[in-house]
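Take a look at the letters that make up each chain.
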Amino acid sequence: MRHVIVAANWKMNTTPADAGELARTIGSRTREPGVIRVICPPYVCLAAVGDALRGPEIVAADGSGVAVGAQNVHHEPAGAFTGEISASMLAGLATWVIVGHSERRRDAGETDPLIGRKLRAARAAGLRTILCVGEQLDEREAGRAEAVVDAQVRGCLEGAGLDALGVEDGLPWLTMAYEPVWAIGTGRTARGADAAAMAVAIRATLAALGMSNGGQDVPVLYGGSVTSGSIGEFLAEPDIDGALVGGASLKPDEMAGIVARAGMTAAARRTPSGEPGAPGEPGASTGPGALAAPTA
Ligand code: PEP
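Residues numbered from 1 in each chain as written. Predicted model: local features only at pLDDT ≥ 70, side-chain atom pairs only at ≥ 80, totals over all residues. Heavy atoms only, no water.

Asker: When you look at the packing of aromatic side chains in this model, what are you seeing that I'm missing?
Answerer: Two measures describe an aromatic ring pair: the distance that separates the ring centres and the angle between the ring planes. Evaluation of the coordinates by the stated rule reveals two aromatic pairs. Seen from their ring centres, Y178 and Y222 are 6.3 Å apart, and the 55° between their planes marks the pair as tilted. With Y178 in strand β6 (residues 174–178) and Y222 in strand β7 (residues 220–223), this residue pair connects regions lying 44 residues apart in the sequence. An identical accessibility class is assigned to Y178 and Y222; each is buried. Ring geometry for Y222 versus F234: centroids 4.0 Å apart, planes at 10°, classification stacked. (Phe/Tyr/Trp six-rings, centres within 6.5 Å; stacked < 30°, edge-to-face > 60°. Helix = DSSP H or I, 4+ residues; strand = E, 2+ residues; numbered from the N terminus. Buried < 20%, exposed > 50% of the residue type's maximum accessible area, 1.4 Å probe, protein only.)

In structure tokens:
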């Protein structure tokens, strides 16, 4: 059973003065058992968000808190790299990191081999990683979406010695995010079935790369203008394990709705019949979904 994850990518929004309050509000309104929650603020807000998330008011009934993630990491451990942040510098500030986001591929010229180096650096430092892949609109329209994403996954992971999953607390170190570039920040979303087909394709590539258990243990999130209204279409797909949320993750009402829906999926995955059980019902805090999400 794969875990259900909702990760918030705040992008270049919030300041150290207001990020803590927003994180606390979101954390206190998303206490669904079995949902791994991650908030990824800008670097300068990591400490404020981590401090704000230490309180008991954000802890779910299964004992899990909200983990803190960075939005990027440098591939080298230290050195003359002005303005950069290495994985070891994130110790005590973040336990997750987003790698290969399309906005960094676009704006910072990040390539698959470079992203692979970031993955290695992050893993060596014990960070859980969310690796983003996704096609452009013209690539989808040309019927090349799967081929493009296959090449991205291979380019990031192949030959990098990253085939072993390194499962800790029931969760692999690697989480994938399928984010069609044409859906990010545009209000357009993929169809749930199309996103699920891409999740299957991503796991097929992981299997071809030799990842243990054919990549079946790797969570695949959908990202691209997810809201509380659209999340259900994606979580209805068994191959999709949650969402990487951008714009909507800055809105507590939206996050409350998204995580509430994710909680239904988490409860259904814990129920042998597969029927949704209301989060918080007896039994909802047992089983592998009840792991304490790593906190910073
Ligand atoms: C993202 O930044 O990963 C993202 C999915 O953004 P949005 O939800 O705003 O499209």
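Asker: How should the packing of helix α4 (residues 112–124) against helix α6 (residues 145–157) be read in this particular structure?
Answerer: Between two packed helices, both the angle of their axes relative to each other and the distance between the axes serve to describe the pair. Two elements in contact, α4 and α6, have axes separated by 7 Å at closest approach and are oriented at 50°. By the criterion of interaxial angle, the relationship of α4 to α6 is oblique. The element α4 and its partner α6 pack so that their crossing is right-handed. Packed against α4, whose contacting residues are D112, P113, I115, G116 and L119, the element α6 presents A151, Q152, G155, C156 and L157 at the interface. (Axes fitted to C-alpha atoms, helices over the stretch in contact; angles between N-to-C directions. Parallel < 35°, antiparallel > 145°, perpendicular 65-115°, else oblique. Left-handed = near helix turned anticlockwise from the far one by under 90°. Contact = heavy atoms within 4.5 Å.)

Asker: Can you walk me through the nonpolar core in this structure?
Answerer: As a rule of thumb, nonpolar side chains are buried together in soluble globular proteins. One finds L174 and M176 to be the most contacted residues of the largest nonpolar core, which totals 65 residues. Sort the elements by how many residues they give to this core and helix α7 (residues 192–208) lands first, with six residues. Beyond its immediate sequence surroundings of up to four residues, L174 is in contact with L119, T129, L131, L157, L206, M211, V218 and P219. Judged by nonpolar contacts, the second largest core, of 14 residues, contains I5, A67, I130 and L171. (Core = buried A, V, L, I, M, F, W, Y, C linked by side-chain atoms within 4.5 Å.)

Asker: Is there a simple way to think about helix α9 (residues 252–270) in this case?
Answerer: An α-helix turns once every 3.6 residues. As a result, residues three or four positions apart point the same way. With 19 residues, α9 should reach 27 Å at 1.5 Å per residue; the first-to-last C-alpha distance of 26 Å fits that figure. Along α9, the positions that sit buried rather than exposed are E254, M255, A256, I258, V259, A262, G263, T265, A266, A267, A268 and R270. In this structure, the buried residues of α9 make contact with β1 (4–9), α1 (19–28), β2 (35–40), α8 (231–235) and β8 (242–245). (Expected span 1.5 Å × (residues − 1).)

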